[in-house]
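Structure assessment
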Amino acid sequence: MKKTSESIVRLMAEKYALDISIFSETFIENTLESRLQSNYPDTSSAYQLKLETDPNEALFLKKAFSNSYSAFFRNPLTFSMLHQFVLPKIIGWKVKNHDPEIRIWSAGCAAGQEAYTLAILLDNLVNKSPGSMRYHVFGTDNSAPELEAARRGIYDYEAIKNIPFEYVQDYFLKTGDVYAIKDRIKKQVEFSDFDLLDGESSSPPSSIFGDFDLVMCSNVLFYYKPEFQMTILAKFFRTISEGGFLATGEAEVGIVNAARGFRQYMTPAPLFVKS
Ligand SMILES: C[S@@+](CC[C@H](N)C(=O)[O-])C[C@H]1O[C@@H](n2cnc3c(N)ncnc32)[C@H](O)[C@@H]1O
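Residues numbered from 1 in each chain as written. Predicted model: local features only at pLDDT ≥ 70, side-chain atom pairs only at ≥ 80, totals over all residues. Heavy atoms only, no water.

Our focus in this paragraph is the overall build of the protein. In terms of helices and strands, the protein carries 12 helices and 10 strands. Expected size for 275 residues packed as a compact globule is a radius of gyration near 19 Å; at 20 Å, the protein falls within 12% of this value. Its C-alpha atoms give the protein principal-axis dimensions of about 65 × 50 × 35 Å. Here the protein holds 275 residues, and 51% of them are scored as buried. For the protein, contacts bridging at least 24 residues in sequence account for 72% of all contacts bridging at least 6. Of the roughly 13,500 Å² that the protein leaves accessible, carbon and sulfur atoms contribute 52%. On the protein, the mean spot of the 29 positive side-chain charges and the mean spot of the 34 negative ones are 4 Å from each other. (Helix = DSSP H or I, 4+ residues; strand = E, 2+ residues; numbered from the N terminus. Rg over C-alpha atoms; globule rule 2.2 N^0.38 Å. Buried < 20%, exposed > 50% of the residue type's maximum accessible area, 1.4 Å probe, protein only. Contact = heavy atoms within 4.5 Å. Areas by Shrake-Rupley, 256 points an atom, 1.4 Å probe, with all protein chains shown as cover. Lys, Arg positive; Asp, Glu negative; His and termini not counted. Charge placed at Lys NZ, Arg CZ, Asp CG, Glu CD.)

Laid out in structure tokens, this is it:
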């Protein structure tokens, strides 16, 4: 890591009790770079002095380290493969084993876009499958404002623009410029606070016992240093049921392939099966 970055990591920990050393070096350097360029183009030492003397700048920097961008159907290939192959396979083995509940965890769910996308796909498939299948999606994040927005379930056009039109019609109520997720879907998704770096539990307490058929954790792992990525993946390994699935972001395939316990299910999609 660059010397300036190292001293800023130390400064944030000592003066503001914020540990940014858990993040990957690339993420730390890019974040500092963009903060510096947009505000302090002259020298990095001027920026360090500003950070030392101005708690507001520390707050801005803290915010810059918490990226919560998300969107419905964010990676269309992943969601289309989930819809066509992975979820039908899960439904098939549930029917075969007379197990009526599908359990899914959206880990690092931001304002709920990913968790609701999964619920929409499940609703669509379960309605077409024989028998009375139930599904439950657990959405977790460590950001209180994101969880609040997730529970509200109201989105602007930017968030929903990738959604196939028939799903927008079926699953949202449009009022003015905003789209509210319908109650039928909302009641299948439960949001709760859970820190993926929490050393104690492998799964969110709201889920009681974990045992997920699919965990989706997308665009979260790559922000962290490799040892923290491995801690999170080990957690998923413990909580995914035998033969269950893991989905990540496109840029995170290499991270999962470098870990033990998962095999890529279908290239190039970031979909893995517990093995
Ligand atoms: C970039 S967003 C990705 C959202 C969504 N998964 C997607 O791919 O669109 C990352 C989310 O992960 C959450 N997050 C990051 N680190 C976390 C942690 N250690 N525990 C729980 N949530 C975390 C952030 O608060 C943020 O909402």
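From this point on, the discussion continues.
The ligand sits among 19 residues. The nearest are Ser 70, Glu 114, Asp 141, Ser 218 and Tyr 224. Between the ligand and Glu 114, the relevant distance is 2.8 Å, taken from a nitrogen atom to a side-chain nitrogen or oxygen of the residue. Taken by itself the ligand offers 600 Å² of open surface, and the protein chains cover 95% of this. Of the residues contributing to the shell around the ligand, the split by class is seven nonpolar, eight polar and four charged. (Near = heavy atom within 4 Å. Polar contact = N/O pair within 3.5 Å; in protein donor to acceptor, adjacent residues only side chain to side chain. Nonpolar A, V, L, I, M, F, W, Y, C, P; charged D, E, K, R; others polar.)

We now examine the packing of helix α5 (residues 76–96) against helix α6 (residues 113–126). Viewed as axis vectors pointing N to C, α5 and α6 meet at an angle of 55 degrees, and their least axial separation amounts to 10 Å. Relative to α6, α5 is oriented oblique. In the packing of α5 onto α6, the handedness of the crossing is right-handed. Residues Phe 79, Leu 82, His 83, Leu 87, Pro 88 and Ile 91 of α5 touch α6, and the partners they reach there are Glu 114, Thr 117, Leu 118, Leu 121, Leu 122, Asn 124, Leu 125 and Val 126. Taken together, the residues of the contact of α5 with α6 break down into 10 nonpolar, three polar and one charged. (Axes fitted to C-alpha atoms, helices over the stretch in contact; angles between N-to-C directions. Parallel < 35°, antiparallel > 145°, perpendicular 65-115°, else oblique. Left-handed = near helix turned anticlockwise from the far one by under 90°.)

Our next topic: the sheet that holds strand β4 (residues 172–175). Pairing is antiparallel in the open sheet, where three strands are placed in the order β3-β5-β4. Looking at which strands have only one partner, the edges of the open sheet turn out to be β3 (154–155) and β4. With four bridges connecting them, β4 and strand β5 (residues 178–181) associate as antiparallel partners. Bridging across to β5, Leu 173 finds its partner in Ala 180. (Pairing = 2+ DSSP bridges.)

What follows is about the environment of Ser 201. Along the chain, the position of Ser 201 falls in the loop between β6 (189–193) and β7 (212–216). In this structure the C-alpha to C-alpha distance between Ser 201 and Lys 235, which are 34 residues apart in sequence, comes to 7.9 Å. Sequence-distant contacts of Ser 201, defined by excluding residues within four places in its chain, comprise Phe 194 and Lys 235.

Turning next to the packing of helix α3 (residues 44–53) against helix α4 (residues 55–64). The interhelical angle for the contact between α3 and α4, taken along N-to-C directions, is 105 degrees, at an axis separation of 5 Å. Regarding the angle of α3 to α4, the classification is roughly perpendicular. The residues of α4 that touch α3, namely those facing Tyr 47, Lys 50, Leu 51 and Thr 53, are Pro 55, Glu 57, Ala 58 and Leu 61. Residues of the contact of α3 with α4, tallied by class, amount to five nonpolar, one polar and two charged.

For the protein, the domain assignment lists domain 1 (3–64) and domain 2 (76–274). For domain 1 versus domain 2, the separation of C-alpha centres amounts to 33 Å. Each side of the interface is counted separately: domain 1 has five residues, and domain 2 has six residues. Where domain 1 abuts domain 2, roughly 550 Å² becomes buried across the two surfaces, and 64% of that area is made up of carbon and sulfur atoms. If you look at where domain 1 meets domain 2, you find zero salt bridges. Put simply, domain 1 and domain 2 have four residue pairs in polar contact (both at pLDDT 80 or more) between them. Here the side of domain 1 that touches domain 2 is composed, by residue class, of three nonpolar, two polar and no charged. (Domains from an automatic or database assignment. Buried area = accessible area lost by both parts, 1.4 Å probe. Salt bridge = Lys/Arg side-chain N within 4 Å of Asp/Glu carboxyl O.)

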